[in-house]
Amino acid sequence: MSDWFATASAKINSVVEGIVAALMLSLVLDVWLGVVDRYYFHWQLPWPEVLARYLMIWAALLAVSSGIARRDHIGLTAFIVVLPVGLRRTLLVAMDVLALALFLYVAFFGISFAESGAPRQAMIFGASLAPFYAAIPVAAALSSVQLVLVLFRDLGSHIDQPPFATEAEETL
């Protein structure tokens, strides 16, 4: 059963990483266009800076779920690693459940936040801000899904065998 959670998490993460890579490529091209415009062509395009901001927000928020899937987020482990294995795993599962509660909370209230952007318009684009505000609930919901998958995949054992551990360390 753990393999199913690992596979599902990896598949979702590969799609998300592809989207984040496309967003980052778009961001780089957009910023490059803004620089070329400002210093060479003097078109005075008003939208590259605004578009860059929204691309960066979407990319950064979507990347959170990738960090969760890989367990690459920052954590202070000095206290945790000295605890007995059973207590350590229980505490790690409890922290995952607390993080899940936080992301579900943000996703729930983020929906109304995104809806509040619907009547507002971006001055430069003349479009609704709802798609840009939607980054918050979408990223929080995606992070919630990844947290559930990695919670059942690892069951609190992820600190015992970090992805960077050597084979000699894993046998100890």
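This structure is a prediction, so every number in the text was calculated from the model and none was measured.

*Asks:* Go over the packing of helix H2 (residues 48-70) against helix H5 (residues 135-154) with me, naming the residues and quoting the values.
*Replies:* Between H2 and H5, the least distance of the axes is 8 Å, while the angle of their chain directions is 10°. Taken as axis vectors, H2 and H5 run roughly parallel relative to one another. Contacts from Ile57, Trp58, Leu61, Leu62, Val64, Ser65, Ile68 and Ala69 of H2 reach H5 at Ala135, Ile136, Val138, Ala139, Leu142, Ser143, Gln146, Leu147, Val150 and Arg153. Taken together, the residues of the contact of H2 with H5 sort by class into 14 nonpolar, three polar and one charged.

*Asks:* Could you give an account of the nonpolar core, with specific residues and numbers?
*Replies:* Val20, Leu23, Tyr54, Trp58, Leu62 and Leu129 are the most contacted members of the largest nonpolar core, which has 18 residues in total. Counting only elements with at least two residues in this core, the list comes to helix H1 (2-41), H2 and helix H4 (130-133). It is H2 that provides the largest number of residues to this core, a total of seven residues. If we ignore the near neighbours within four places in the chain, the residues touching leucine 129 are Tyr54, Gly117, Arg120, Gln121 and Ala122. Residues Phe103, Ala107, Ala140 and Val150 belong to the second largest nonpolar core, which totals seven residues.

*Asks:* Run through the side chain of aspartate 96, naming residues and quoting values.
*Replies:* Mapped onto the elements, aspartate 96 comes out in helix H3 (residues 85-116). A residue is classified by how much of its surface remains accessible, and aspartate 96, at 7% relative accessible area, is buried. Beyond its immediate chain neighbours, meaning those up to four positions away, aspartate 96 contacts Arg71, Leu147, Leu151 and His158.

*Asks:* How would you explain the packing of aromatic side chains if you had to name every residue and give the values?
*Replies:* Two descriptors summarise a pair of aromatic rings, namely the distance from one centre to the other and the angle between the planes of the rings. Summed over all chains, the structure comprises seven aromatic pairs. Between phenylalanine 5 and phenylalanine 152 the ring centres are 5.2 Å apart and the planes differ by 25°, which places this aromatic pair in the stacked class. You can see phenylalanine 5 sitting in helix H1 and its partner phenylalanine 152 sitting in helix H5, a full 147 residues away along the chain. Phenylalanine 152 sits in the partly exposed class, given a relative accessible area of 41%. Judged by centre distance (4.7 Å) and plane angle (55°), the ring pair of tyrosine 105 and phenylalanine 109 falls under tilted. Of this pair, tyrosine 105 and phenylalanine 109 are both found in helix H3, four residues apart, which corresponds to roughly one turn of the helix. One aromatic cluster is present, formed by Trp4, Phe5 and Phe152 through successive ring pairs.

*Asks:* I'd like a description of the packing of H1 against H2, backed by residues and values.
*Replies:* The contact between H1 and H2 brings their axes to 9 Å, and the two run at 155°. The angle between H1 and H2 places the two elements in the roughly antiparallel class. In the crossing of H1 with H2, the sense of the turn from one axis to the other is left-handed. When its residues are assigned to classes, the contact of H1 with H2 shows 17 nonpolar, six polar and three charged.

*Asks:* Break down the pattern of salt bridges for me, citing the residues and quoting the values.
*Replies:* Overall, the coordinates contain four salt bridges when judged by the stated rule. Note that aspartate 154 and arginine 153 form a salt bridge whose closest N and O atoms lie 2.8 Å from each other. In this structure, a network of salt bridges that share partners links the residues Arg71, Asp96, Arg153 and Asp154.

Reading the values: the criteria
- Residues numbered from 1 in each chain as written.
- Predicted model: local features only at pLDDT ≥ 70, side-chain atom pairs only at ≥ 80, totals over all residues.
- Heavy atoms only, no water.
- Axes fitted to C-alpha atoms, helices over the stretch in contact; angles between N-to-C directions.
- Helix = DSSP H or I, 4+ residues; strand = E, 2+ residues; numbered from the N terminus.
- Parallel < 35°, antiparallel > 145°, perpendicular 65-115°, else oblique.
- Contact = heavy atoms within 4.5 Å.
- Nonpolar A, V, L, I, M, F, W, Y, C, P; charged D, E, K, R; others polar.
- Core = buried A, V, L, I, M, F, W, Y, C linked by side-chain atoms within 4.5 Å.
- Buried < 20%, exposed > 50% of the residue type's maximum accessible area, 1.4 Å probe, protein only.
- Phe/Tyr/Trp six-rings, centres within 6.5 Å; stacked < 30°, edge-to-face > 60°.
- Left-handed = near helix turned anticlockwise from the far one by under 90°.
- Salt bridge = Lys/Arg side-chain N within 4 Å of Asp/Glu carboxyl O.

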